[in-house]
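If you want the building blocks of each chain, they are given just below.
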Amino acid sequence: MTSTLPTVATGQPTAVTARPAHARRAGGTRLTVRPVIRFRRSRADLLLCGALLVAILLVQGWNIQHYPTLSDDEGTYLAQAWAVQEGKGLAHYTYWYDHPPLGWMQIAFLTWLPSLLSPETMTVAPMRFAMLLVSAASAVFLYVLARRLWLPRWAAGLAMALFGLSPLSVVLQREIFLDNIAVMWMLLAFCLAASPSRHLWHHFAAGVAAAVGVLTKETMLVILPALLVTLWRHSHRDTRKFAVTGAITACALVGLSYPLMALLKGELLPGGGHVSLWDGIAFQMSRPGSGFVLDPGSGSYGVLQSWLYYDRVLPLGGIAGAVLLVVTLRWSVTARALAGPALAVVILALVALRPSGYLPAMYVIQGLPFLALVLAGGAASITHAILRRRRGPREGRTLTTVRWTALAALAASALVVVVPRWYDGNRTALTADANAPYRQAASWMATEVPDPSRARVLVDDALWLDLVHAGYEPGLGAIWFYKADLDPAVTKTMPDGWRDLDYVVASPTVRRDARDLPKVRDALEHSTAVAVFGDGEDRIEIRRITESTGSTGSAGTAGSAGSAGTAGTTGTTGSAGTAESTGTAGSTGRTGSAGSAARAGSAGDGRIAGGDER
């Protein structure tokens, strides 16, 4: 594997050049000066990046409300963002340190103006459009990073296209996931770490951006070593120690704000009557594993197959490219320049290969930009090896033609493999409607229930905000189904269990997790379907409680029960400090679904297989 661009940069950055400049050391050794890409002066880079950005936004934005299937994780994060917007605290129920709150605080910011102009649109499907801003920023950062890592223009464009147009990326980047926002911040950190200007403030800012990425989704911690490698390789040797020390210090100081918040609230360590950061971390670390990813009978294997259903090129090709770059690190300039991204891919792959680890469906999001980058870097190296290999004195036009013919054959073969698969996957994303049952169920609950403000309904996360906007009481009227069993602030308002409910919206998630939730299971058993939307495994049933003392007519009784508990349960709408309402992290967390590793079934319905990430 040979290099596409020069190896080592010394001295001050030069202006943008099409080719590297060369000089001689005092001893006659040839010296290569690193080129600097100034995007404001590079019209070709601006045009290529802009054209690809338009294509990515069109593909990702078209049909975004209808595909993929709404996920309960999206509903969770958006509902928590709604609570922040409404001033109800860090979450609409008790905040129990399941994740740092910075992620959905950013979602609250992204969706603030649309929700202000049209409050009823603050539901999962319409608010997916806010994720296009995150996708756009991430795609541009990836292009900038590729150029700063010395990839040629066409390879940087290839990386951006792989990242933004792969069907796997299109499906996952549309969804309101914390991982997508965290990736944006981490890409910014890599761009700053590889800054050709090498200013110290760039490196300090890289540490800050990395910390924000980790506080958005804490699993980004595993990528920090790769960022450190990039910072080390691309900082100036005279100021390298200052740069690395400053970046680490900045990252640590910002990251410590999270435990500091818990300490100031008196919730750092476990104690009676309150949640704690310690309990939240313990819950996440003790989640049941989903099995070995290569074991056909494991849940992790189902997650892997759902990823490969959409795209095999980016995950498998990216891993192969990362391994190749690591192996050729000693003699390949491209491998050394891409050492950080290649290391990120290797680390993420090793974490996924843990024999008893938990593999969530959105885990692959963290690796998508780095997979695209190393795959494009591998393509650039192969191209350079074919076209730029040292030529003999007798080599003429014929052999040059052979080289170009071989390169064209390789490119055509790649297109034959990639284009049909991507066409099918993206056509589904652009045309399928996987969310019609959710819209119909939300409409039925808004129009057919006589008095929504007095009704009590168990509903999954994805539909919770729809019911809130339809007039159901947040928290105790429209109830996240697992809170009925796991949150003391809710369970004490249901002394008669399922008899204190009026409806259950039985989505696939509710039916799947009910086996671990006794109150939810009883509610399903003592109810009758009055409306069914969709069919098969993905149907949504509206079920009315039929064996309670008053059924629908008892809404007033249920409302009274909720009112009786309101004074002591204000924490259910966000006041995490209320002792009566907080419980413990183990009781307020969603433990019921953590063990259901994967729904390995039909990825074609728009639902990536996997358990819940919360």
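Higher on the page you've got the structure.
These notes cover the structure that comes with them. For clarity, every value in this text was computed on a predicted model and none was experimentally measured.

A few points about the packing of aromatic side chains
1) Next: Counted according to the given criterion, the structure contains 12 aromatic pairs.
2) Next: A ring pair is formed by Tyr309 and Tyr310, whose centres lie 5.2 Å apart and whose planes are at 90 degrees; its orientation type is edge-to-face.
3) Next: Owing to a relative accessible area of 4%, Tyr310 belongs among the buried residues under this scheme.
4) Next: Measuring from centroid to centroid gives 5.4 Å for Trp480 and Tyr482, while their planes differ by 40 degrees, and the two rings are tilted. Residue Trp480 shares its accessibility class with Tyr482, and that shared class is buried.
5) Next: Chaining the aromatic ring pairs together yields one cluster made of Trp82, Tyr93, Trp464, Trp480, Phe481 and Tyr482.
6) Next: Over the aromatic face of Trp232 sits the side chain of Arg240, whose NZ or CZ is 5.1 Å from the ring centroid.

Side note on the packing of helix α10 (residues 200-216) against helix α12 (residues 240-255)
1) Next: Packing of α10 against α12 brings their axes to within 7 Å, and their N-to-C directions diverge by 30 degrees. Of the possible angle classes, the one that applies to α10 and α12 is roughly parallel. Considering the relative orientation of α10 and α12, their crossing is right-handed. For the pair α10 and α12, the contacting residues are Leu200, His203, Phe204, Gly207, Val208, Ala210, Ala211 and Leu215 in the first and Phe242, Ala243, Gly246, Ala247, Ala250, Cys251, Val254 and Gly255 in the second.
2) Next: For the contact of α10 with α12, the per-class residue count stands at 12 nonpolar, four polar and no charged.

Notes on the pairing of strand β5 (residues 503-506)
1) Next: Taking every second residue as pointing to the same face, both faces of β5 are buried, with Tyr503 and Val505 on one and Val504 and Ala506 on the other.
2) Next: Judged from the four bridges that link them, β5 and strand β7 (residues 540-545) form a sheet pairing that is antiparallel. Looking across to β7, one finds that Tyr503 is bridged to Arg544.

With respect to helix α21 (residues 436-447)
1) Next: Here α21 is 12 residues long and its end C-alpha atoms lie 17 Å apart, about the 16 Å a rise of 1.5 Å per residue gives.
2) Next: Taken as a whole, α21 has its buried residues at Ala436, Pro437, Tyr438, Ala441, Ala442, Trp444 and Met445.
3) Next: Buried positions along α21 lie against β3 (457-459), α22 (461-469), β5, α25 (508-513), β6 (527-533) and β7.

Digging into helix α15 (residues 299-310)
The α-helix advances 3.6 residues per turn, and as a result positions three or four apart in sequence lie on the same side.
1) Next: Across its 12 residues, α15 extends 18 Å between first and last C-alpha, which sits within 8% of the 16 Å expected from 1.5 Å per residue.
2) Next: Buried within α15 we find Gly299, Ser300, Gly302, Val303, Leu304, Ser306, Trp307, Leu308 and Tyr310.
3) Next: Against α8 (167-173) and α16 (313-327) lie the buried residues of α15.

A word on the sheet that holds strand β4 (residues 478-480)
1) Next: Spatial strand order, β4-β3-β5-β7-β6: five strands in an open sheet with mixed pairing. Strands with a single pairing partner mark the edges of an open sheet, and in this sheet they are β4 and β6. Strand-to-strand, the axes of this sheet are offset by a mean angle of 25 degrees, without reference to chain direction.
2) Next: With two bridges connecting them, β3 and β5 associate as parallel partners. The residue bridging Leu458 from the neighbouring strand is Val504, located in β5.

A closer look at unusual backbone geometry
1) Next: Cis rather than trans, the peptide bond between Tyr67 and Pro68 has omega equal to 0 degrees.
2) Next: Tracing the backbone through its elements, the reader meets Pro68 in the loop between α1 (43-61) and α2 (72-85).
3) Next: In this structure, Asn63 takes a positive phi of about 70 degrees despite not being glycine.
4) Next: As for its placement among the helices and strands, Asn63 is situated in the loop between α1 and α2.

Conventions we followed
Residues numbered from 1 in each chain as written. Predicted model: local features only at pLDDT ≥ 70, side-chain atom pairs only at ≥ 80, totals over all residues. Heavy atoms only, no water. Phe/Tyr/Trp six-rings, centres within 6.5 Å; stacked < 30°, edge-to-face > 60°. Buried < 20%, exposed > 50% of the residue type's maximum accessible area, 1.4 Å probe, protein only. Lys NZ or Arg CZ within 6 Å of the ring centre and 35° of its normal. Axes fitted to C-alpha atoms, helices over the stretch in contact; angles between N-to-C directions. Helix = DSSP H or I, 4+ residues; strand = E, 2+ residues; numbered from the N terminus. Parallel < 35°, antiparallel > 145°, perpendicular 65-115°, else oblique. Left-handed = near helix turned anticlockwise from the far one by under 90°. Contact = heavy atoms within 4.5 Å. Nonpolar A, V, L, I, M, F, W, Y, C, P; charged D, E, K, R; others polar. Pairing = 2+ DSSP bridges. Expected span 1.5 Å × (residues − 1).

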